Amino acid sequence: MTNINDLRAKLLEEKARLESELSGVGHKNPEIKGDWEPSAPDLNNPTADVNDVADSIEAFEGNAAIEVELEARLLEVDAALARIEAGTYGICRICGTAIEDARLHANPAAPTCIAHREG
Ligand SMILES: [Zn+2]
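Please read these numbers as outputs of a predicted model, since none were measured by experiment. (Residues numbered from 1 in each chain as written. Predicted model: local features only at pLDDT ≥ 70, side-chain atom pairs only at ≥ 80, totals over all residues. Heavy atoms only, no water.)

### Considerations on the UniProt feature "domain: Zinc finger DksA/TraR C4-type" (unreviewed entry) in the protein
Put simply, the test is: UniProt positions are given in the numbering used here, feature names are shortened, and annotations may be inferred rather than shown by experiment. Secondary structure elements are defined from DSSP: runs of H or I of at least 4 residues count as helices, runs of E of at least 2 residues count as strands, and each element is numbered from the N terminus.
Under the UniProt annotation, the feature "domain: Zinc finger DksA/TraR C4-type" (unreviewed entry) is placed at residues 87–115. Its end C-alpha atoms 22 Å apart, residues 87–115 is made of 21% helix and 0% strand.

Here's what the structure looks like:
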């Protein structure tokens, strides 16, 4: 049977990992709690030549894509932790039945049962 404490520990571990990865490609938005923004390159560097600027724009676009993915996953993990607090964890949000143990162990942040998995 599912041990919520184990899954909670896994979620907290993943949250810490996501936050440390996010801090490598972005920073917390000081205005919106829980929101992250990709770190912008310094384009005002007067010594940068055209190629350097192009490189940093490319790096920024790569960072932005990674940042969006990490942030989406972090939101799922946070939502799952909130459901644990609320006592609604492990319930499919589409059909309201219990999510399969195997699915929760594979993805503790899963919001739906296997039948209602997205994608
Ligand atoms: Zn379902």
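That was the structure; now back to the text.
### Focus on the pattern of salt bridges
Rule in force here: Salt bridges are counted wherever a side-chain nitrogen of Lys or Arg sits within 4 Å of a carboxyl oxygen of Asp or Glu. Under the scheme applied here, a residue whose accessible area is under 20% of the maximum for its type counts as buried, over 50% as exposed, and between as partly exposed, the area being computed with a 1.4 Å probe on protein chains only.
Evaluation of the coordinates by the stated rule reveals seven salt bridges. In this structure, the salt-bridge partner of Lys-15 is Asp-78, at a minimum N-O distance of 2.7 Å. Within this pair, whereas Lys-15 is found in helix H1 (residues 4–25), its partner Asp-78 is found in helix H2 (residues 50–86), the two being separated by 63 residues in sequence. Given the relative accessible area of 21%, Lys-15 is considered partly exposed. A relative accessible area of 29% means that Asp-78 is categorised as partly exposed. Overlapping salt bridges bring together Glu-14, Arg-17, Glu-21, Arg-73 and Glu-76 as one network.

### Considering the coordination of the zinc ion
Applied cut-off: Note that water is not among the atoms used; donors are N, O and S atoms within 2.8 Å of the metal (3.2 Å for Na, K and Ca), so sites may look incomplete. The geometry test gives tetrahedral to four donors whose angles all lie between 85 and 135 degrees, gives square planar to four donors and octahedral to six donors whose opposite members are over 155 degrees apart with all other angles between 65 and 115, and gives irregular to the rest.
Donor atoms from the polypeptide that bind the zinc ion are Cys-92 (SG), Cys-95 (SG), Cys-113 (SG) and His-116 (ND1), placed at 2.0 to 2.4 Å. Geometry at the zinc ion is tetrahedral, judged from the four donor atoms that bind it and their angles of 99 to 118 degrees at the metal. Mapping the donors of the zinc ion onto the primary sequence gives the spacing C-x2-C-x17-C-x2-H. Under the relative-accessibility criterion, Cys-95 is labelled partly exposed at 36%.

### Thoughts on H2
This is how the line gets drawn: For a helix, the expected span equals 1.5 Å multiplied by the residue count minus one. Polar contact criterion, stated in full: a pair of N or O atoms within 3.5 Å, where within protein one must be able to donate a hydrogen and the other to accept it, and residues adjacent in sequence count only if both atoms are side-chain atoms.
The end-to-end C-alpha distance of H2 is 53 Å, a good match for the 54 Å that 37 residues give at a rise of 1.5 Å each. Of the residues making up H2, those classed as buried are Ala-64, Glu-67, Leu-70, Glu-71, Leu-74, Val-77, Ala-80, Leu-81, Arg-83 and Ile-84. In this structure Asp-49 caps H2, since a side-chain oxygen of it lies 2.9 Å from the backbone nitrogen of Asn-51. Just past H2, the residue Gly-87 takes up positive phi, approximately 80 degrees.

### Brief notes about the environment of Ala-98
Mapped onto the elements, Ala-98 comes out in the loop between H2 and helix H3 (101–106). Placed 14 residues apart in sequence, Ala-98 and Ile-84 show a C-alpha to C-alpha distance of 13 Å.

### Concerning the packing of H1 against H2
Selection criterion: Only the contacting stretch of a helix is used when fitting its axis, a line to C-alpha atoms as for every element, and angles between N-to-C directions run 0 to 180 degrees. For classification, angles of less than 35 degrees are called roughly parallel, those exceeding 145 degrees roughly antiparallel, those between 65 and 115 degrees roughly perpendicular, and all remaining angles oblique. Note on convention: near helix rotated counterclockwise from far helix by under a right angle means a left-handed crossing. Clockwise means right-handed. As a working rule, the residues Ala, Val, Leu, Ile, Met, Phe, Trp, Tyr, Cys and Pro are called nonpolar, Asp, Glu, Lys and Arg charged, and the rest polar, with Gly in that last group.
It is the contact of H1 with H2, at a shortest axis distance of 9 Å, that shows an interaxial angle of 155 degrees. With respect to H2, the axis of H1 lies roughly antiparallel. Both H1 and H2 take part in a crossing whose hand is left-handed. Across the contact of H1 with H2, the residue classes break down as 13 nonpolar, one polar and 10 charged.

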